[in-house]
Amino acid sequence: MDAIFDATIQVLLGEGLERLTTIRVAERAGVSVGTLYQYFPQKQALLFAVLQRHLERIVGDLERAAASVHGASLETMVQTVVAAFVSAKTDSLDESRALYAVSYQLDSSAYVREVEARNHAALEAMLKTASDARFDDIGTTAFMFMGAMVGPLRLLLQSKSPRSMVHGLSRQLESLCLGYLEREARPKAAQKRRAAVAI
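Residues numbered from 1 in each chain as written. Predicted model: local features only at pLDDT ≥ 70, side-chain atom pairs only at ≥ 80, totals over all residues. Heavy atoms only, no water.

> How do you make sense of the overall build of the protein when you look at a structure like this?
From N to C terminus, the protein includes 10 helices and 0 strands. Based on the C-alpha atoms only, the size of the protein along its principal axes is roughly 75 × 35 × 25 Å. Taken across its 199 residues, the protein has 42% of its residues classed as buried. Long-range pairs, those at least 24 residues apart, make up 73% of the contacts in the protein between residues at least 6 apart in sequence. Carbon and sulfur atoms provide 53% of the accessible area of the protein, an area that totals close to 10,600 Å². In the protein, which carries 23 positive and 22 negative side-chain charges, the distance between the mean positions of the two groups comes to 4 Å. (Helix = DSSP H or I, 4+ residues; strand = E, 2+ residues; numbered from the N terminus. Buried < 20%, exposed > 50% of the residue type's maximum accessible area, 1.4 Å probe, protein only. Contact = heavy atoms within 4.5 Å. Areas by Shrake-Rupley, 256 points an atom, 1.4 Å probe, with all protein chains shown as cover. Lys, Arg positive; Asp, Glu negative; His and termini not counted. Charge placed at Lys NZ, Arg CZ, Asp CG, Glu CD.)

Below, the structure is given as structure tokens:
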């Protein structure tokens, strides 16, 4: 399966989506067309499986990064999650760009929504445990945090910006996300002081 998936990416990158066929993929993977058809009876099924593998890797990386910093400060949370997300999206930048285009050719909107929901849930669960802040509307805050990361990366993939732009991207995204979160947050220390005064 890995050989088939890798061959699909190679054909996509080398020849483009319009010229990708199951025959070309089978030849590149070193398997018979009959073997490929046992798993993927049509080109769309193959492309969806490759897209799914790609997105599962990205959402898995984000989920693990978010879980690893439960109870940490906002700054540590942002640094960890942004670094993981940017790395997952840009380590194989050409693959991400090719599959970004593929996602528009397939009826993948329902699956993409599932991935987005998992991303949102991971960020929301993480932010709830922040050691130095709390949020009045944690759902909207997590939504905006995710959007702040996705937006610039989507532009990067769409515009085919030079690879050199990737190097400073994590730091820029950290500034963007942390600035938003700090503005929205209520410091926990301030809350305790207000509660003590009320008593």
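Once you've had a look at it, read on.
> Which parts of the structure should I look at to understand the packing of aromatic side chains?
The relation between two aromatic rings is expressed through the spacing of the ring centres and the mutual angle of the planes. With the rule as written, the count across this model stands at 3 aromatic pairs. Centroid distance Phe-5 to Phe-40: 5.9 Å. Interplanar angle 45 degrees. Geometry classified as tilted. Of this pair, Phe-5 sits in helix α1 (residues 2-15) while Phe-40 sits in the loop between α3 (33-39) and α4 (43-68), and the two are 35 residues apart along the sequence. Exposure class is identical for Phe-5 and Phe-40. Each is buried. Ring geometry for Phe-48 against Tyr-111: centres 5.7 Å apart, planes inclined by 65 degrees, an arrangement best described as edge-to-face. Taken as a pair, Phe-48 in helix α4 and Tyr-111 in helix α7 (residues 109-127) lie far apart in primary sequence, 63 residues in all. (Phe/Tyr/Trp six-rings, centres within 6.5 Å; stacked < 30°, edge-to-face > 60°.)

> Honestly, the packing of α1 against helix α6 (residues 93-105) in this entry has me stumped. Any pointers?
One way to put it is that α1 packs onto α6 with a least axis distance of 10 Å and a crossing angle of 85 degrees. Classified by the interaxial angle, the pair formed by α1 and α6 is roughly perpendicular. Across from Ile-9, Leu-12 and Leu-13 in α1, the residues of α6 making contact are Asp-94, Glu-95, Ala-98, Leu-99 and Val-102. Partitioning the contact of α1 with α6 into residue classes produces 6 nonpolar, no polar and 2 charged. (Axes fitted to C-alpha atoms, helices over the stretch in contact; angles between N-to-C directions. Parallel < 35°, antiparallel > 145°, perpendicular 65-115°, else oblique. Nonpolar A, V, L, I, M, F, W, Y, C, P; charged D, E, K, R; others polar.)

> Quick question: what am I supposed to make of the layout of surface pockets here?
Think of a ball as big as a water molecule: rolled over the atoms, this probe shows where empty space is left. Its volume calculated, the largest pocket comes out at about 690 Å³. Lining the largest pocket we find 28 residues, and of these Lys-89, Val-112, Glu-116, Val-150 and Arg-154 sit closest to its centre. When residues of the lining of the largest pocket are traced back to their parent elements, those giving at least two are α4, α5 (74-90), α6, α7 and α8 (138-159). For the lining of the largest pocket, the leading source of residues is α8, giving 7 residues. Split into classes, the residues belonging to the lining of the largest pocket amount to 16 nonpolar, 8 polar and 4 charged. (1 Å grid on protein atoms, 1.4 Å probe; cavity = no way out; pocket = protein on both sides within 12 Å on 5 of 7 lines; lining within 4 Å. Points joined across faces, edges and corners; volume = space filled by probe spheres on them.)

> Looking at this structure, I do not really get the nonpolar core. What am I missing?
Nonpolar side chains in soluble globular proteins generally cluster together in the buried interior. Ranked by internal contacts, the top residues of the largest apolar core, which has 64 residues, are Leu-12, Leu-74, Leu-123, Met-126, Leu-127, Phe-145 and Met-149. Listing elements by their share of this core, those giving two or more residues are α1, α2 (22-29), α4, α5, α6, α7, α8 and α9 (169-184). In terms of residue count, the dominant contributor to this core is α4 (10 residues). Setting aside residues up to four positions removed in sequence, Leu-127 forms contacts with Leu-74, Met-77, Phe-135, Ile-138, Thr-141, Ala-142, Phe-145 and Leu-181. (Core = buried A, V, L, I, M, F, W, Y, C linked by side-chain atoms within 4.5 Å.)

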